[in-house]
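For reference, the chains in residue letters:
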Amino acid sequence: MPITLGAKSLSELTHVHPDLVRVVHRLAAISTMDFTVLEGSRTVAQERLNVAKGVSTTMNSKHIPGKDGYAHAVDIAPLVNGKVTWDWSVYNKFSPIVKEAARLEKVPIEWGGDWKTFKDGPHYQLPTKQYP
Ligand SMILES: [Zn+2]
């Protein structure tokens, strides 16, 4: 059954790159797991706060809209019984569905959970190579 994106999820997508937005809509159409969009674009001030709190390691975040005016990253969390989960076993099941949605939309995507140093389960971004 397709998932309906809630008002919060949709509003988080307003300043996100259209290719990434397409992936999220495709994800809603194909996903067998419920999810929510935690965050799309982020202001420089918010990012400064995140770095101070230690939840982000860089001011170079793809959540901050770039020269094209769009954020190149989106944080998506799977829901278990309607609640956001931080359980890696759930993220490991959810991420292949997101990657499949990206493949269907022919959009290259990177998952923060594949990173070696600072693993970021909800984080998906457009690669710098294709989207400088
Ligand atoms: Zn993120």
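Here is a short report on the structure shown in this document. (Residues numbered from 1 in each chain as written. Predicted model: local features only at pLDDT ≥ 70, side-chain atom pairs only at ≥ 80, totals over all residues. Heavy atoms only, no water.)

### Some remarks on the pattern of salt bridges
Okay, so step 1: All chains considered together, the criterion is met by 9 salt bridges.
Okay, so step 2: A salt bridge links R22 to D19, with the shortest nitrogen-to-oxygen separation between them at 3.1 Å. You can see R22 and its partner D19 sitting in helix α2 (residues 18–30), 3 residues apart, about one turn around the helix.
Okay, so step 3: A salt bridge links R22 to E105; the nearest nitrogen and oxygen atoms lie 2.7 Å apart. Within this pair, whereas R22 is found in helix α2, its partner E105 is found in the loop between α4 (88–104) and β4 (110–111), the two being separated by 83 residues in sequence.
Okay, so step 4: According to the relative accessible area criterion, R22 is partly exposed, its value standing at 35%.
Okay, so step 5: By relative accessible area, E105 is classed as buried at 16%.
Okay, so step 6: Salt bridges sharing partners connect three or more residues here, namely D19, R22, R26 and E105. (Salt bridge = Lys/Arg side-chain N within 4 Å of Asp/Glu carboxyl O. Helix = DSSP H or I, 4+ residues; strand = E, 2+ residues; numbered from the N terminus. Buried < 20%, exposed > 50% of the residue type's maximum accessible area, 1.4 Å probe, protein only.)

### Looking at the coordination of the zinc ion
Okay, so step 1: For the zinc ion, every protein donor is listed as H63 (NE2), D75 (OD) and H123 (ND1), and the spread of their distances is 1.9 to 2.1 Å.
Okay, so step 2: With relative accessibility at 5%, the residue H123 sits in the buried group. (Donors = N, O, S within 2.8 Å, 3.2 Å for Na, K, Ca; no water.)

### Overview of the layout of surface pockets
Okay, so step 1: By volume, the largest pocket amounts to about 480 Å³.
Okay, so step 2: Forming the boundary of the largest pocket are 22 residues, of which R42, V55, S56, D120 and H123 lie nearest the centre.
Okay, so step 3: Of all the secondary-structure elements, those providing two or more residues to the lining of the largest pocket are β1 (35–39), α3 (44–53) and β5 (123–125).
Okay, so step 4: Counted by class, the lining of the largest pocket contains 6 nonpolar, 9 polar and 7 charged residues.
Okay, so step 5: Roughly 230 Å³ of volume is contained in the second largest pocket. (1 Å grid on protein atoms, 1.4 Å probe; cavity = no way out; pocket = protein on both sides within 12 Å on 5 of 7 lines; lining within 4 Å. Points joined across faces, edges and corners; volume = space filled by probe spheres on them. Nonpolar A, V, L, I, M, F, W, Y, C, P; charged D, E, K, R; others polar.)

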